[in-house]
Amino acid sequence: MEADFLDAYNGGMVIRGQDNFGDGGIVLSIVPGDDIYLPNGFISLQDGWGGKTIAGTELGFKGGEDLHIKVESFGETGDQGGEIFKVYVNDELKITTEWLCSEGRSDQGKVYLY
């Protein structure tokens, strides 16, 4: 999955979203840096809204820049199956991690931008 965030500020994607946007999924948060609180910004994958951080790192871009985000996923899926996620920002690999689908949670779903 790929998306362009033009003049990027806080935003992101929900991957594996459920039928109701608020029910969760894998949340990719993209927060470009600013001059005061987050000089380098951050990018992170979370297990649902406000859930456990799966992986994260500094973003390395300031607010207002154009960002090309690419997410690759592959591997086992299904109840307790591991899935590998790779996240690229402007063609630079930022995150590589494995996610285990929580019991009772679907590994399928929709994609949302926010």
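**Student:** Any chance you could explain the overall build of the chain here in plain terms?
**Tutor:** Of regular secondary structure, the chain possesses zero helices and nine strands. Going residue by residue from the N terminus, the α and β elements of the chain occur as β-β-β-β-β-β-β-β-β. Burial status across the chain gives 42% buried among its 114 residues. Taking all contacts inside the chain whose residues are at least 6 apart in sequence as the whole, residues at least 24 apart take part in 46%. Approximately 6,200 Å² of the chain is accessible, and the part contributed by carbon and sulfur atoms is 47%.

**Student:** For this particular structure, what's the right way to read the nonpolar core?
**Tutor:** Within soluble globular proteins, side chains that are nonpolar generally end up buried alongside one another. L28, L67 and I69 are the most contacted members of the largest nonpolar core, which has 21 residues in total. Of all the elements in the fold, those that place two or more residues in this core are β1 (2-5), β2 (11-17), β3 (26-31), β4 (42-47), β6 (67-74), β7 (82-89) and β8 (92-100). With residues near it in sequence (within four places) discarded, L67 still touches A3, D4, F5, A8, I30, L59, F61, V89 and N90.

**Student:** Explain the pairing of β3 here, please?
**Tutor:** Within a regular beta strand, the side chains point alternately toward one face of the sheet and then the other, so they alternate between its two faces. For β3, the buried fraction is high: six of the six residues fall into the buried class. Every second residue of β3 is oriented toward a common face, with I26, L28 and I30 on one face and V27, S29 and V31 on the other, all of them buried.

**Student:** Before we go on, may I ask you to explain a nonpolar patch on the surface in this structure?
**Tutor:** A surface patch of nonpolar side chains, amounting to about 450 Å² of accessible area, comprises I36, Y37, L38 and F42. Accessibility expressed as a relative area gives 67% for I36, which makes it exposed.

**Student:** So what exactly am I meant to see when it comes to a negative patch on the surface here?
**Tutor:** Taken together, E2, D4, D7, E65, D66 and D91 make up a surface patch of like negative charges. Structurally, D7 is set in the loop between β1 and β2. Judged by its relative accessible area of 46%, D7 falls in the partly exposed class.

**Student:** I'm lost on the pattern of salt bridges in this one. Help?
**Tutor:** Opposite charge on two side chains permits them to pair, given that their charged atoms come into close proximity. Taken as a whole, this structure holds two salt bridges when the rule is applied. For E72, the salt bridge is made with K70, and the minimal N-O distance between the two is 3.4 Å. Given a relative accessible area of 26%, E72 falls into the partly exposed group. For K70, a relative accessible area of 27% puts it in the partly exposed group. One salt bridge connects E92 with K94, and the closest N-O pair in it is separated by 3.7 Å. Exposure remark for E92: the relative accessible area of 42% places this residue in the partly exposed category.

What counts, and at which threshold
- In this convention, every chain numbers its residues from 1, walking through the sequence in written order.
- A pLDDT threshold of at least 70 governs which residues receive local features in this predicted model, and a stricter bar of 80 or more applies before side-chain atom pairs are shown or counted, although totals over entire chains, interfaces and linings include all residues.
- Side-chain numbers come from the whole structure's heavy atoms, not from hydrogens or water.
- Strands are runs of DSSP state E lasting at least two residues, helices are runs of H or I lasting at least four, and both sets are numbered from the N terminus onward.
- When accessible area is computed with a 1.4 Å probe and restricted to protein chains, residues below 20% of their type maximum are described as buried, those above 50% as exposed, and intermediate ones as partly exposed.
- Contact definition: two residues touch when any of their heavy atoms are within 4.5 Å.
- For every accessible area listed, the method is Shrake-Rupley and the probe measures 1.4 Å; residues are considered covered only by the protein chains on display.
- Residues grouped as a nonpolar core are buried Ala, Val, Leu, Ile, Met, Phe, Trp, Tyr and Cys residues, joined through side-chain atoms within 4.5 Å.
- Like-charged residues are merged into a patch within 9 Å and nonpolar side chains (Val, Leu, Ile, Met, Phe, Trp, Tyr) within 5 Å, provided each residue has over 30% relative accessible area and no salt bridge.
- Think of a salt bridge as a Lys or Arg side-chain nitrogen and an Asp or Glu carboxyl oxygen that are within 4 Å of each other.
- Charge convention: Lys and Arg are scored as positive, Asp and Glu as negative, and His as well as the terminal groups of each chain are ignored.
- For this purpose, a charge sits on NZ of Lys, CZ of Arg, CG of Asp or CD of Glu.

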